[in-house]
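Structural description and commentary
Listed below are the residues making up each chain.
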Amino acid sequence: MKKITLSLLCCLSLATLKAQNTNPKLVVGIVVDQMKQEYLWRFENDFGTGGFKRLMHEGFMAKNAHYNYATTSTGPGHASIYTGTTPSIHGIVNNSWYSRLLKRGVYCAEDTTANAVGGSVRNGRISPANLYSSTITDELKMFTQQQAKVVAMSIKDRGSALPGGHLSDGSYWYDSQTGNFMTSTYYMKTLPEWVSQFNDRKLADEYLNNTWTLFLPEENYTESGEDNSKYEGGFRGKENPTFPYHLAQLREQNGNFGMLPSTPWGNTILTELALASLEGESLGEDEVTDFLAISYSSTDYIGHNFGPQSKEVQDTYVRLDREIERLLNKLDEKLGKGNYVVFLSADHAVAENSIRMKELGFRADNFGSRNFSEYLSQAMNERFGEAEWFENTGMDIFFNHSTLKTKGVDLYEAQLFVAQHAMQFPGIYLAVPGIDLTRNSYESHVQSLIQNAYHPKESGDVKMVMEPAWQWGGAKGTGHGNPWAYDTHIPIMFYGWGIEPGTSVRPIHITDIAPTISMLLNIRMPSGTTGQPISEALK
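A brief report on the enclosed structure follows. A quick note: this is a predicted structure, and the numbers were derived from the prediction, not measured.

1. Overview of the overall build of the protein
When helices and strands are tallied, the protein shows 21 helices and 20 strands. Here the protein has a C-alpha radius of gyration of 24 Å; the compact-globule value for 539 residues is 24 Å, and the two agree. Considering only C-alpha atoms, the protein reaches an extent of 100 × 55 × 45 Å along its principal axes. A total of 539 residues make up the protein; the buried ones form 59% of that total. Restricting to contacts in the protein with at least 6 residues of sequence separation, those with at least 24 account for 72%. On the protein, roughly 21,500 Å² of surface is accessible, and the fraction owed to carbon and sulfur atoms is 50%. Both charge centroids of the protein, one from 46 positive and one from 60 negative side chains, sit 3 Å from each other.

2. What to know about the pattern of salt bridges
On inspection of all chains with the given rule, the structure shows 29 salt bridges. A salt bridge links D461 to R100, with the nearest nitrogen and oxygen atoms 2.8 Å apart. Within this pair, whereas D461 is found in the loop between α19 (445–452) and β17 (462–466), its partner R100 is found in the loop between β4 (96–99) and β5 (104–107), the two being separated by 361 residues in sequence. Taking relative accessible area as the criterion, R100 reaches 22% and is therefore assigned partly exposed. Residue E279 pairs with K334 through a salt bridge whose shortest N-O separation is 3.9 Å. Taken together, the positions of E279 in helix α11 (residues 265–280) and K334 in helix α13 (residues 311–335) put the pair 55 residues apart, joining distant regions of the chain.

3. Here we look at the packing of helix α15 (residues 369–384) against helix α17 (residues 411–422)
Relative to each other, α15 and α17 sit at 130 degrees, their axes nearing to 10 Å. When the axes of α15 and α17 are compared, the pair comes out oblique. Classified by chirality, the crossing of α17 by α15 is right-handed. Of the residues in α17, those touching α15 at F372, Y375, L376, A379, M380, R383 and F384 are E413, A414, F417, V418, H421 and A422.

4. Details of the nonpolar core
Formed by 132 residues in total, the largest nonpolar core has its most connected members in F52, Y317, L331, I492 and F494. Sequence-distant contacts of I492, defined by excluding residues within four places in its chain, comprise F60, M61, A62, A65, L344, S345, I508, H509, I510, I513 and I534. Counting residues in each nonpolar core, the second largest holds 25 residues, with F384, M395, A419 and I428 among its members.

5. Structural notes on the sheet that holds strand β16 (residues 428–433)
With antiparallel pairing, four strands are arranged side by side in an open sheet as β14-β15-β17-β16. The two strands at the open ends of the sheet, each matched to only one other strand, are β14 (390–393) and β16. Strand-to-strand twist across the sheet, computed as the mean angle between neighbouring axes with direction ignored, equals 15 degrees. With two bridges joining them, strand β15 (residues 396–399) and β17 adopt antiparallel strand pairing. Bridge pairing in β17 links I397 to V462. In the packing of α15 onto the sheet, the strands contacted are β14, β15, β16 and β17, and the crossing angle to β14 comes to about 150 degrees. The strands touched by α19 within the sheet are β16 and β17, with β16 carrying the most contacts at an inclination of about 55 degrees.

6. Let's talk about the pairing of β5
Note: β4 against β5, four bridges, orientation antiparallel. When the sheet's bridge partners are listed, Y98 is paired in β5 with G105. Following β4, the chain reverses through four residues before pairing antiparallel with β5; K103 in that reversal takes a positive phi of roughly 60 degrees.

Conventions we followed
Residues numbered from 1 in each chain as written. Predicted model: local features only at pLDDT ≥ 70, side-chain atom pairs only at ≥ 80, totals over all residues. Heavy atoms only, no water. Helix = DSSP H or I, 4+ residues; strand = E, 2+ residues; numbered from the N terminus. Rg over C-alpha atoms; globule rule 2.2 N^0.38 Å. Buried < 20%, exposed > 50% of the residue type's maximum accessible area, 1.4 Å probe, protein only. Contact = heavy atoms within 4.5 Å. Areas by Shrake-Rupley, 256 points an atom, 1.4 Å probe, with all protein chains shown as cover. Lys, Arg positive; Asp, Glu negative; His and termini not counted. Charge placed at Lys NZ, Arg CZ, Asp CG, Glu CD. Salt bridge = Lys/Arg side-chain N within 4 Å of Asp/Glu carboxyl O. Axes fitted to C-alpha atoms, helices over the stretch in contact; angles between N-to-C directions. Parallel < 35°, antiparallel > 145°, perpendicular 65-115°, else oblique. Left-handed = near helix turned anticlockwise from the far one by under 90°. Core = buried A, V, L, I, M, F, W, Y, C linked by side-chain atoms within 4.5 Å. Pairing = 2+ DSSP bridges.

Okay, structure coming up:
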């Protein structure tokens, strides 16, 4: 009898264990805005043991992970991570772009049919409506017959709307007018009680009365440059970009609540919202896998302002490391270590300040966009006669097709002519006619990246990229958006349920994240997926 009882107990235990391990309780997708892979190595000595290092050393890390398209920006980055494909298919070709159909600029997450919920009117017309592909979060919702919960959040609306996908149970973003988190009528009519209660804590107001000082002793910050650098931006009302920053004295001159994202507490308030969502939405509490998408944005605001060599950026990552540790510890406490899976990546990396590079002797500079437009117009006028040839010019050139027809100019001839002349302009490395991008299949590195960034309905007649190290903008801070390694090399890490710890140095692309999660969950890949599962990351 004892043997039978013992055998029965063993079988029941194994059956229970098997049931528990069929799926993870929760998938947590973390995207860090403007994070270079280099930061993991450069700042590692100042990280604690439970944040980035835990993911690096106990999970799987792709050390040679890159974006596989040219336009490296926040909107396309988030869309590519969650759809498993490039802008050529998912259609989010930039943060904003010119629409030939609408004859105006389009914002990547705009939705003129949506209205604000819980925030200011101007920040409420948001949804994922511009996505041409489904997301991994959409697929989880459909696979589970809508039983899985999907919650997405970010300081930036696009960092929430695009990851949450079309079927999100709630996508929330920070309202710079009120200091609250809000959503739109695309998702719901009123905020959930837990979000309203979170807003009632008035954390934004509390944090903006802090003083930003270095988190660690100053001697720890040897991986960054001098504190008072002429290449840094800074804040209005403070003469030099140097610590400390007394936020209570600076907030009114720097947008009041709009200043929070430009401080490390923009990341802190998002972690607090994520922790609140675990309880408020009961994430991971039943047998159906849920999904929490968290996109940290303050790294991008601070990076643009101060640049990648600044102490401000290093301090932000030191502090973010502790935020991630807080999040992981809470997941351990609530769900149990090993019962959830996390991936961490970035929507793009970042360039060095182009003027700094120029002064160091590199062939770099800022790009003169106004002079470029005048240069192209003059060339077209000299070749084909006076006319308004362009609807819009930038890194995508949009011809006025009605003018071409009236003047009897062949579209492809015009594309070739402008592409050839563009490449003679300082700072332009390559210009490719749109027709060539739709009818050819490029294998060479840069042409392939341009092709992956080109959408036949949303992109222009000629697509261009700048020379390495060239940037838009002024002499302060920095930017991104190019196909070179400094903008494409980002972290990709997986940790937790079903993940095989280790590292890889083979080329891995940002579009490989979504299909890897699909294989992990045994669900369908997003509809536009072109990436491949990272097999060595899976047990």
